[in-house]
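Topology and contacts: notes
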Amino acid sequence: MVVGSGPNGLAAAIELARNGLSVAVLEAAGEPGGALRSAETTLPGFVHDVGSAIHPLAVASPFFRSLSLERYGVRWVHPPAPLAHPLEGEEVVLLERSLEETAAGLGEDGEAYLRLMSPLAADLERLANLAAGRPALPRHPAALGASALRALRPAVSLARAAFRGGRARALFAGNAAHSFLPLERRPSALFGLALGALGHAVGWPFPEGGAGRLARALVSCLRALGGELLTGFPVGSLEEVPPARAVLFDVTPRQLLRIAGERLPGRYRRALARYRYGPGAFKVDFALDGPIPWADGRCARAGTVHLGGALEEIAAGEREVWRGGHPERPFVLLAQHTLFDPSRAPEGRHTVWAYCHVPNGSTFDMTGRIERQIERFAPGFRERVLTRRSAGPADLERENPNLVGGDINGGVMDLGQLLTRPARRLDPYSTPVRGLYICSSSTPPGGGVHGLCGYLAARSALRLLRGSRRSAPRPPAARPR
Ligand SMILES: Cc1cc2nc3c(=O)[nH]c(=O)nc-3n(C[C@H](O)[C@H](O)[C@H](O)COP(=O)(O)OP(=O)(O)OC[C@H]3O[C@@H](n4cnc5c(N)ncnc54)[C@H](O)[C@@H]3O)c2cc1C
């Protein structure tokens, strides 16, 4: 049994099913996908991604690749450039697929950028395999070793050491801010390096028609393997899970405590209770009557746009969020799918997906500040807005209980919790109760749509099930509903 049908729950179920087990997924919501869904949240015909919008991790994931999801209807849309980072009073910085073209736009830092990113982009496939538990010899071991050490640094210190100019520093800071960490904290540089390298190696694409298409493809794949999915099935306690040889929970530690706390030994329970959640997201979906009127028209070449200006400004904003404040000029992550995928809106109309970071559980309305930040780089944006729909941390958590306080990564991704989530154990997917597993983004390698947490949790369960076929564990469970 798998509880929860986010990308990790579905990945776990698929891996179990393709190894010959009989699998069912229980999902609380009315439809599967978790934070990988799409809906008409503003106006009829406008398809918005309710959670994840840009999917470099999905296309790089060795597990998803092994499923050939294109067979189940996924078509990846690649905008000409993965990312634009506009700056006031100068040309936009573009992260292009080509390392050289990107470097050419960074002026004096072009060479430094190539030195920093080339080894990572060249070895990205091997790094992705490493994250999936399949280590391989890198092509450039020495350069990669140096990159690994750099990744452990705070983004601000790496950006200042590596680059002299503001353009490369701003680009790096925007990518590093995906960590939800203050940019003075380790290992925020890891996110700057990884997202940049992904842009060059695989692009930052998205599924045609909405992120939900990817979830639907995963469900089709599961069903093709004989797996079942039951929606509208919230699991409140272990007793509600039908009898099974193993139960994998696509939930975060706080929920696992609520569901199975009584069965867990005190030490593990205390470790789960100490688990730290990070800042939340404040999200706005816009329906527009035309494309965003960017001051620098080249922003329209990119699917994703980072709005936050210089490194110093982005770092100050993220610092403020970490301290419990709400920046006047928040760092805004924006996706403009319909420029490249007209199927997501009525003809000539457009959608915008945008969010910024806020303190965990914040109730502050950031809609106006997000709009001002867009308007700053695209004067006239407001006049294009037909309607908008905002969702703060409480709204996000109401729709999906895994988004605790609005945290979209299933917990802080700092050095203390990156690899030892949700607790310090040799096998972080197992729990001290035999047959009970956790498979959400609160396990390594953490947040994002890649399915690797689910895949690795399933591998852990398969090891146990194969090792003890006859005395297979039966997690405590009562009658099915
Ligand atoms: C606003 C936002 C933007 C994001 N942007 C990106 C992005 O651009 N790119 C990217 O790669 N990632 C992005 N992410 C992160 C990514 O979506 C998540 O990391 C990923 O979905 C985690 O997958 P999961 O399976 O661990 O959990 P989830 O996707 O959260 O799924 C958990 C599922 O479990 C169900 N569930 C929970 N409790 C129970 C219960 N007791 N009983 C039954 N069912 C239960 C929930 O209803 C949900 O369906 C974003 C997330 C959000 C919210």
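Going by the structure above, here's the rest.
A brief look at the structure comes next. (Residues numbered from 1 in each chain as written. Predicted model: local features only at pLDDT ≥ 70, side-chain atom pairs only at ≥ 80, totals over all residues. Heavy atoms only, no water.)

1. Quick word on the overall build of the protein chain
- When its secondary structure is counted, the protein chain shows 17 helices and 16 strands.
- With respect to the principal axes defined by its C-alpha atoms, the protein chain has extents near 70 × 55 × 45 Å.
- Here the protein chain holds 481 residues, and the buried ones make up 62% of them.
- Restricting the contact set of the protein chain to residue pairs at least 6 apart, pairs at least 24 apart contribute 75%.
- Of the roughly 18600 Å² of accessible surface on the protein chain, a fraction of 51% belongs to carbon and sulfur atoms.
- Between the averaged position of the 58 positive side-chain charges in the protein chain and that of its 44 negative side-chain charges there is a distance of 10 Å. (Helix = DSSP H or I, 4+ residues; strand = E, 2+ residues; numbered from the N terminus. Buried < 20%, exposed > 50% of the residue type's maximum accessible area, 1.4 Å probe, protein only. Contact = heavy atoms within 4.5 Å. Areas by Shrake-Rupley, 256 points an atom, 1.4 Å probe, with all protein chains shown as cover. Lys, Arg positive; Asp, Glu negative; His and termini not counted. Charge placed at Lys NZ, Arg CZ, Asp CG, Glu CD.)

2. Here's the deal with the site of the ligand
- Around the ligand sit 37 residues, and of these Glu 27, Ile 54, Val 235, Asp 250 and Gly 448 come closest.
- At 2.9 Å, a backbone N or O of Val 449 approaches an oxygen atom of the ligand.
- Contact with the protein chains removes 94% of the 1000 Å² of surface that the ligand exposes when unbound.
- For the shell around the ligand, the secondary-structure elements that each account for two or more residues are α1 (7-17) and α12 (253-260).
- Looking at which element gives the most residues to the shell around the ligand, the answer is α1, with 3 residues.
- Here the shell around the ligand is composed, by residue class, of 18 nonpolar, 16 polar and 3 charged. (Near = heavy atom within 4 Å. Polar contact = N/O pair within 3.5 Å; in protein donor to acceptor, adjacent residues only side chain to side chain. Nonpolar A, V, L, I, M, F, W, Y, C, P; charged D, E, K, R; others polar.)

3. Thoughts on the sheet that holds strand β1 (residues 2-3)
- Spatially, the 5 strands line up as an open sheet ordered β9-β2-β1-β10-β16, and their pairing is parallel. Looking at strand neighbours, the two that pair on one side only are β9 (228-230) and β16 (436-438), the edges of this open sheet.
- Pairing geometry for strand β2 (residues 24-26) and β9, over 3 bridges, is parallel. The residue bridging Leu 26 from the neighbouring strand is Leu 230, located in β9. (Pairing = 2+ DSSP bridges.)

4. Here's the deal with the side chain of Ser 442
- Looking at where Ser 442 falls in the secondary structure, it is placed in the loop between β16 and α17 (452-467).
- Within the structure, Ser 442 has its side chain in polar contact with the backbone oxygen of Gly 410 (distance 2.8 Å).
- In this structure, Ser 442 is in contact with Val 251, Thr 252, Pro 253, Tyr 275, Gly 410, Arg 421 and Pro 422, ignoring residues within four places of it in sequence.

5. Observations regarding unusual backbone geometry
- Look at the link from Arg 186 to Pro 187: it is a cis peptide, with omega at -10°.
- For the bond from Arg 421 to Pro 422, the omega torsion is -5°, close enough to zero to count as cis.
- With respect to the helices, strands and loops of the structure, Pro 422 is situated in the loop between α16 (393-399) and β16.
- Backbone geometry at Ser 68 places phi at a positive 45°, although glycine is not the residue there.
- Among the structural elements, Ser 68 can be located in the loop between α3 (62-67) and β5 (76-77).
- Residue Phe 180 is not a glycine yet carries a positive backbone phi of 65°.
- Locating Phe 180 in the fold gives a position in the loop between α9 (166-176) and α10 (188-201).

By themselves, these observations are geometric and do not establish any function.
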